[in-house]
Amino acid sequence: MGSKANFNSGNLIQSYYLYSALLALKLLALKPLASIVCHPEKVQRANLSDLKNLTPFWLVAGLYMTTSPDPVTAITLLRVYVVARIIAAIGYVTRIPTMMKELAFFVSFTITTYMAACVVMKYNHAL
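Residues numbered from 1 in each chain as written. Predicted model: local features only at pLDDT ≥ 70, side-chain atom pairs only at ≥ 80, totals over all residues. Heavy atoms only, no water.

Enquirer: Help me out: how do you make sense of the overall build of the chain in this one?
Expert: In terms of regular secondary structure, the chain is built from four helices and zero strands. Along the chain, helices (α) and strands (β) appear in the sequence α-α-α-α when read from the amino end. The proportion of buried residues among the 127 residues of the chain is 35%. Within the chain, contacts between residues at least 6 apart in sequence are counted, and of these 73% link residues at least 24 apart. (Helix = DSSP H or I, 4+ residues; strand = E, 2+ residues; numbered from the N terminus. Buried < 20%, exposed > 50% of the residue type's maximum accessible area, 1.4 Å probe, protein only. Contact = heavy atoms within 4.5 Å.)

In structure tokens, the structure reads:
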């Protein structure tokens, strides 16, 4: 990772766009995968899980970007979230330890919650 001097708000927004697009591509890739995999209902469950988890993330992460977060922290959160959601999706279609799937969900949930709390704290004066 780079130092804070290497980031500006434009880079941060571009990182948000990049990681959001990667998550969207992963979501879109699950649909055709369902027709190939032996158990398409598992892929369908992964797809529904992603829809339930990605929708709030996209909204909250976009709002989080408006709070002038520390760029290194923000990009790290985006990266970890993407990895966690990929692990969660893999957990639906392959056999990985249950603890790993649960940890992936917990990490992604915690990141979205943290970002939402940061947004609320930044804009609480609007109440």
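Enquirer: Please clarify how helix H2 (residues 40-65) should be interpreted in this entry.
Expert: In an α-helix, one turn spans 3.6 residues, which is why side chains three or four residues apart end up on the same side. In this model, H2 (26 residues) spans 36 Å end to end at C-alpha, consistent with the 38 Å of a helix rising 1.5 Å per residue. In H2, a bend of some 25° at Leu-54 exceeds every other bend along the element, and Pro-56, a proline, comes one to four places later. (Expected span 1.5 Å × (residues − 1). Bend = angle between axes of the 7 residues up to and from the residue.)

Enquirer: What is the right way to look at the side chain of Lys-26 in this model?
Expert: Turning to its location among the elements, Lys-26 is positioned in helix H1 (residues 9-36). Of the residues examined, Lys-26 reaches a relative accessible area of 14% and is grouped as buried.

Enquirer: What is the right way to read unusual backbone geometry from this model?
Expert: Apart from glycine, the bulk of residues carry a negative phi angle, and the bulk of peptide bonds sit in the trans form. For Ser-68, which is not glycine, the phi torsion reads 55° and is therefore positive. Its location among the elements puts Ser-68 in the loop between H2 and helix H3 (71-93).

Enquirer: What should I look at first to understand H3 in this one?
Expert: With 23 residues, H3 extends 34 Å from end C-alpha to end C-alpha; this agrees with the ideal 33 Å at 1.5 Å per step. Inspection of H3 places Pro-71, Ala-74, Ile-75, Leu-77, Leu-78, Tyr-81, Val-82, Ala-84, Arg-85, Ala-88, Ala-89 and Gly-91 among the buried residues, and these make up the whole buried set.

Enquirer: What's the story with the pattern of salt bridges in this structure? I'm lost.
Expert: Between side chains of opposite charge, a pair can form as their charged atoms come close. If you walk through the whole model with that rule in mind, you get two salt bridges. Note that Asp-50 is salt-bridged to Lys-26, the shortest N-O span being 2.1 Å. Placement of the pair is Asp-50 in helix H2 and Lys-26 in helix H1, with a sequence separation of 24 residues. Notably, a salt bridge pairs Arg-85 with Asp-50, separated by 2.9 Å at the nearest N-O pair. Of this pair, Arg-85 sits in helix H3 while Asp-50 is found in helix H2, placing the two residues 35 residues apart along the sequence. Using a relative accessible area of 0% as the deciding quantity, one classes Asp-50 as buried. Among the ionic contacts, a cluster of salt bridges with common partners joins Lys-26, Asp-50 and Arg-85. (Salt bridge = Lys/Arg side-chain N within 4 Å of Asp/Glu carboxyl O.)

Enquirer: Just to check I follow, could you spell out the packing of aromatic side chains for this structure?
Expert: Both the distance between ring centres and the angle between the ring planes are used here to describe each pair of aromatic rings. Overall, the coordinates contain four aromatic pairs when judged by the stated rule. Measuring from ring centre to ring centre gives 3.7 Å for Phe-57 and Tyr-81, while their planes differ by 5°; the resulting arrangement is stacked. Of this pair, Phe-57 sits in helix H2 while Tyr-81 sits in helix H3; the two residues are 24 residues apart in sequence, bridging distant segments of the chain. As far as the burial class goes, Phe-57 and Tyr-81 line up, both buried. (Phe/Tyr/Trp six-rings, centres within 6.5 Å; stacked < 30°, edge-to-face > 60°.)

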